[in-house]
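Chain and residue survey
The chain contents come next:
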There are 2 protein chains.
Amino acid sequence: MQNKPVLVVGSIALDDVRTPFGERKNSLGGSAFYFALAAAHFTDVALVAVAGRDYPASARQLLRTRGVNIDGLETADGKTFRWGGHYHQDINERDTLYTELNVFADFRPRIPADYCQIPYLFLGNIQPALQLDILSQMNHPKFVTLDTMELWIKSTVKDLRRVISKTDLLLINDSELRLITGEYNLRKGLKRVHQMGPQYVIIKQGEHGAYLSSRKSLFYAPAYPVEQPTDPTGAGDSFAGGLLGYLAANDTRSFRNLKKALLYGSIMGSFLVEHFSADGLLHLTKRQIDDRYRYLRKLVSL
Amino acid sequence: MQNKPVLVVGSIALDDVRTPFGERKNSLGGSAFYFALAAAHFTDVALVAVAGRDYPASARQLLRTRGVNIDGLETADGKTFRWGGHYHQDINERDTLYTELNVFADFRPRIPADYCQIPYLFLGNIQPALQLDILSQMNHPKFVTLDTMELWIKSTVKDLRRVISKTDLLLINDSELRLITGEYNLRKGLKRVHQMGPQYVIIKQGEHGAYLSSRKSLFYAPAYPVEQPTDPTGAGDSFAGGLLGYLAANDTRSFRNLKKALLYGSIMGSFLVEHFSADGLLHLTKRQIDDRYRYLRKLVSL
């Protein structure tokens, strides 16, 4: 086993989250935060992001004690990025109450020199122009995974297409696939996305599961059926963290291993949603992770 | 292999269907029609339903040539049940343009004497009071499968609960599970449905796939990813037909075989949606069915 590190560039946030099961103010969040804590269960993680002066020292300490290298976590004058949201009884639906970009508005990621060689890179959901800038700073990463969102598909599709063309693995959901390709059909949409560059595409379907697609093959893994989802914020980033963490830990990018990695991603997402913030990832043992891996295999076994 | 017959009681309809891929007037439809044509690929099928004087002789002939026993297809004075619908670009969404019950309004199913011993029974989606009446006419069926809909959960829940208590396998979707149990969570909802009687519950999730639940185990099968869904009308009934057809053909009700049956159900649904009416089920070979079975197994294989 060749343990390689993984680099994440994304957001650090303080969230106000309300769900049918409670609420939390100043909840530690952000794509880079969730990704890092999930991936750190598998391998070394380096993080590039920006926080404000109000970002708690305890949060930095938490990341450090989990083995996350936060030399790339810049502190800028001003307040940390903030998001407020309210989840419905149907936990798949939510209203955004507010978004305050704060220091994130002027974020220009600078990749520390000793990060530029890291082979596994996760481009969290930020402006495509910044994602391109990050790629230009990296020294030929082996495997680039990209997350994005509707906003960028609608507002900066040209930049986004340039990032996608340099991406090895694209993570999107059904509606993003439709927006990017204009195709309502999964298989037709996948063909078109592969033509844009990525060797691999994952279609995330939330509580249903996820497809992994290569130009030749398709794989599907159901999601772990969580008994009490409490706070879904960060599920997609934890999914990406488990997935990339597994790939980097095993230094592999084969379709066969991507299938396994997808299961680990799904599992990290399932633990994440059971508690507020990233609490569900903190007291997690390898055994608990492996138990859910076996559960997911059994779930589809004849 | 113990080939047993299956009995379906449900609707016979003439539909006007419009989808983004075309339209068809007087499309042969109805739950009993779709179910019978799917199940007939596996075993003998007997059908109880009502049609009007306008129901074409060619449709009866079609059913007969497929080996469906239509001695229980009553002809009543008046017009056949009619439904008109319009599917959206997102084929999972549809508007009902009209529903004309016609002869279906006074339907009182009479089970022919030689049908009463049939061990596998499918209660298509009709009023729960009629479903209870059918059960009272049957001579201890081995395996009762029930389909229902939101309307009955909302309007006649007391009758519906009585049918459910006599059901071996209940087929519902996510929102019906919520309505019946008041639970938004899949696993909690399943526990409550099992308490109402059924040994097995299948949660249909359309293009995503379906869960099969027993009191002890859970199984998930993704749907076959169809390249060009043309007309989804009847997908759920074709699913039930493939599933019950397989069980009856093998005279089995074990969880292990229900898993396989679920795959066959999913496959018959996938062929159905590729064409208007039940055209997708008519020129289908065992080999084509088996190919999709292998595809579905490979789709979840590591």
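Residues numbered from 1 in each chain as written. Chains lettered and ligands numbered in written order. Predicted model: local features only at pLDDT ≥ 70, side-chain atom pairs only at ≥ 80, totals over all residues. Heavy atoms only, no water.

Before going further, it helps to spend a moment on the overall build of chain A. When you go through chain A residue by residue, the secondary structure sums to 11 helices and 13 strands. Its C-alpha radius of gyration of 18 Å places chain A within 12% of the 19 Å reference for a compact globule of 302 residues. For chain A, the spread of C-alpha atoms along the three principal axes comes to 50 × 40 × 40 Å. Buried residues in chain A amount to 61% of all 302 residues. (Helix = DSSP H or I, 4+ residues; strand = E, 2+ residues; numbered from the N terminus. Rg over C-alpha atoms; globule rule 2.2 N^0.38 Å. Buried < 20%, exposed > 50% of the residue type's maximum accessible area, 1.4 Å probe, protein only.)

Further remarks concern the packing of aromatic side chains. One pass over the full model with this rule turns up 25 aromatic pairs over all chains. Their ring planes at 40° and their centres at 5.2 Å tell us that Phe-81 of chain B and Phe-104 of chain B sit as a pair that is tilted. Taken as a pair, Phe-81 of chain B in strand 6 (residues 81–87) and Phe-104 of chain B in the loop between strand 7 (94–100) and strand 8 (120–123) lie far apart in primary sequence, 23 residues in all. This pair shows no difference in class: Phe-81 of chain B is buried, exactly as Phe-104 of chain B is. Ring plane angle 65° and centroid distance 4.6 Å describe the contact between Tyr-211 of chain B and Tyr-220 of chain B, whose orientation is recorded as edge-to-face. Its relative accessible area of 1% is what places Tyr-220 of chain B among the buried residues. Taken together, the ring pairs in this structure connect Phe-42, Tyr-246, Tyr-264 and Tyr-293 of chain A into an aromatic cluster. Here the guanidinium or amino end of Arg-292 of chain A rests over the ring plane of Phe-271 of chain A, the centre of that ring lying 3.9 Å away. (Phe/Tyr/Trp six-rings, centres within 6.5 Å; stacked < 30°, edge-to-face > 60°. Lys NZ or Arg CZ within 6 Å of the ring centre and 35° of its normal.)

Our next topic: the side chain of Asp-147 of chain A. Residues and elements named next belong to chain A. Looking at the secondary structure, you find Asp-147 in strand 9 (residues 143–147). Note on Asp-147: relative accessible area 8%, which makes it buried. Excluding residues within four positions of it along the chain, Asp-147 makes contact with Phe-122, Leu-123, Gly-124, Asn-125, Gln-131, Leu-171, Lys-204 and Asp-237. (Contact = heavy atoms within 4.5 Å.)

In this section: the interface of chain B and chain A. In this complex, chain B contributes 38 residues to the contact, which on the side of chain A involves 38 residues. Summed over both sides, the interface between chain B and chain A buries roughly 3,300 Å², with carbon and sulfur atoms accounting for 47% of that surface. Broken down residue by residue, the surface that chain B buries against chain A is led by Arg-187, Glu-227 and Leu-302 of chain B, which jointly contribute 24%. Across the chain B-chain A interface, the total number found is 6 salt bridges. Where Glu-227 of chain A meets Lys-191 of chain B, a salt bridge forms, and the shortest distance between an N and an O atom there is 2.8 Å. The tally of links from chain B across to chain A stands at 23 residue pairs in polar contact (both at pLDDT 80 or more). Where the side of chain B that touches chain A is concerned, the elements lending two or more residues are helix 6 (174–181), helix 7 (186–195), strand 13 (218–222), helix 9 (255–273) and helix 11 (286–299) of chain B. The leading source of residues in the side of chain B that touches chain A is helix 11 of chain B, at 5 residues. Per-class residue counts for the side of chain B that touches chain A are 18 nonpolar, 7 polar and 13 charged. (Buried area = accessible area lost by both parts, 1.4 Å probe. Salt bridge = Lys/Arg side-chain N within 4 Å of Asp/Glu carboxyl O. Polar contact = N/O pair within 3.5 Å; in protein donor to acceptor, adjacent residues only side chain to side chain. Nonpolar A, V, L, I, M, F, W, Y, C, P; charged D, E, K, R; others polar.)

With 214 residues, the main nonpolar core has Leu-7, Phe-33 and Leu-47 of chain A together with Leu-7, Phe-33 and Leu-47 of chain B as its most contacted residues. Not counting residues within four places of it along the chain, the set of residues in contact with Leu-7 of chain A comprises Ala-46, Leu-47, Val-48, Ile-111, Tyr-115, Ile-118, Tyr-120, Leu-121, Phe-122 and Met-138 of chain A. (Core = buried A, V, L, I, M, F, W, Y, C linked by side-chain atoms within 4.5 Å.)

Quick look at the relation of the copies chain B and chain A now. Under the fitted operation, chain B is carried onto chain A by 0.0 Å of movement along the axis and a turn of 180°, and the coordinates agree to an RMSD of 0.0 Å. Expressed as a symmetry operation, the mapping of one chain copy onto the other fits a two-fold axis. Comparing interface residues between copies, 100% of those in chain B also sit at the interface in chain A, which points to an isologous, same-surface contact. (Least-squares fit on C-alpha atoms with pLDDT ≥ 70 in both.)

Right, let's talk about the sheet that holds strand 12 (residues 209–213) of chain A for a bit. All names here are of chain A. Pairing in this open sheet of 9 strands is mixed, and the strands run 5-4-1-8-9-10-11-12-13 from one edge to the other. In the strand order of this sheet, the two ends are held by strand 5 (68–75) and strand 13 (218–222), each with one partner. Strand-to-strand twist of the sheet, defined as the mean angle between neighbouring strand axes without regard to direction, takes the value 15°. The pairing of strand 11 (residues 200–204) with strand 12 spans 4 bridges and is classified as antiparallel. Its bridge partner being in strand 12, Lys-204 is matched across the sheet by Ala-210. On the sheet, helix 2 (residues 57–65) packs against strand 4 (45–51) and strand 5 and is oriented at approximately 150° with respect to strand 5. Together, strand 1 (6–9), strand 8 (120–123), strand 9, strand 10 (169–173), strand 11 and strand 12 form the strand contacts of helix 8 (residues 235–250), whose direction differs from that of strand 8 by roughly 170°. (Pairing = 2+ DSSP bridges. Axes fitted to C-alpha atoms, helices over the stretch in contact; angles between N-to-C directions.)

Time to look at the environment of Phe-35 of chain A. Residues and elements named next belong to chain A. Tracing the backbone shows Phe-35 in helix 1 (residues 31–39). For Phe-35, a relative accessible area of 0% translates into the label buried. Each C-alpha atom, one on Phe-35 and one on Ala-57, is 19 Å from the other, the two residues being 22 residues apart in sequence. When neighbours within four sequence positions are excluded, Phe-35 is seen to be in contact with Val-6, Val-8, Phe-122, Asp-237, Ala-240, Gly-241 and Leu-244.

Now for the pattern of salt bridges. Applying the stated criterion to the full structure yields 24 salt bridges over all chains. Of the charged contacts in the structure, one is a salt bridge between Asp-147 of chain B and Lys-204 of chain B, with a shortest N-O distance of 3.7 Å. Taken together, the residues Asp-147 of chain B in strand 9 (residues 143–147) and Lys-204 of chain B in strand 11 (residues 200–204) connect sequence positions 57 residues apart. Like Lys-204 of chain B, Asp-147 of chain B is buried. Linked through salt bridges whose partners overlap, the residues forming this network are Arg-187 and Lys-191 of chain A together with Glu-227 of chain B.

For the rest of this paragraph, the subject is the confidence of the model for chain A. Any segment with low pLDDT has predicted coordinates that should not be analysed in fine detail. Looking at chain A as a whole, its pLDDT mean stands at 96, while 100% of the residues score no less than 70. We note a pTM of 0.92 for the whole complex and an ipTM of 0.89 for its interfaces. (pLDDT = per-residue confidence, 0-100.)

A word on the pairing of strand 6 (residues 81–87) of chain A. Working note: regular strand, side chains alternate between the two faces of the sheet. Residue and element names in this part refer to chain A. Taken across its 7 residues, strand 6 has 6 buried, putting it largely inside the fold. Pairing analysis gives 6 bridges linking strand 2 (residues 13–19) to strand 6, with the strands arranged parallel. Its bridge partner being in strand 6, Asp-15 is matched across the sheet by Trp-83. Sheet analysis places strand 6 next to strand 7 (residues 94–100), joined by 6 bridges and oriented antiparallel. Pairing of Gly-84 across the sheet is with Tyr-98, part of strand 7.

Residue and element names in this part refer to chain B. The strand order across the open sheet formed by 9 strands is 5-4-1-8-9-10-11-12-13, and the pairing between neighbours is mixed. Strands with a single pairing partner mark the edges of an open sheet, and in this sheet they are strand 5 (68–75) and strand 13. For this sheet the average axis-to-axis angle between neighbouring strands, irrespective of direction, equals 15°. In terms of strand pairing, strand 12 (residues 209–213) meets strand 13 through 5 bridges, oriented antiparallel. Bridged to Leu-212 within strand 13 is Phe-219. Set on the sheet, helix 2 (residues 57–65) makes contact with strand 4 (45–51) and strand 5; between it and strand 5 the angle comes to about 150°. Against the sheet, helix 3 (residues 128–137) engages strand 1 (6–9), strand 8 and strand 9, with an angle of about 165° to strand 8.

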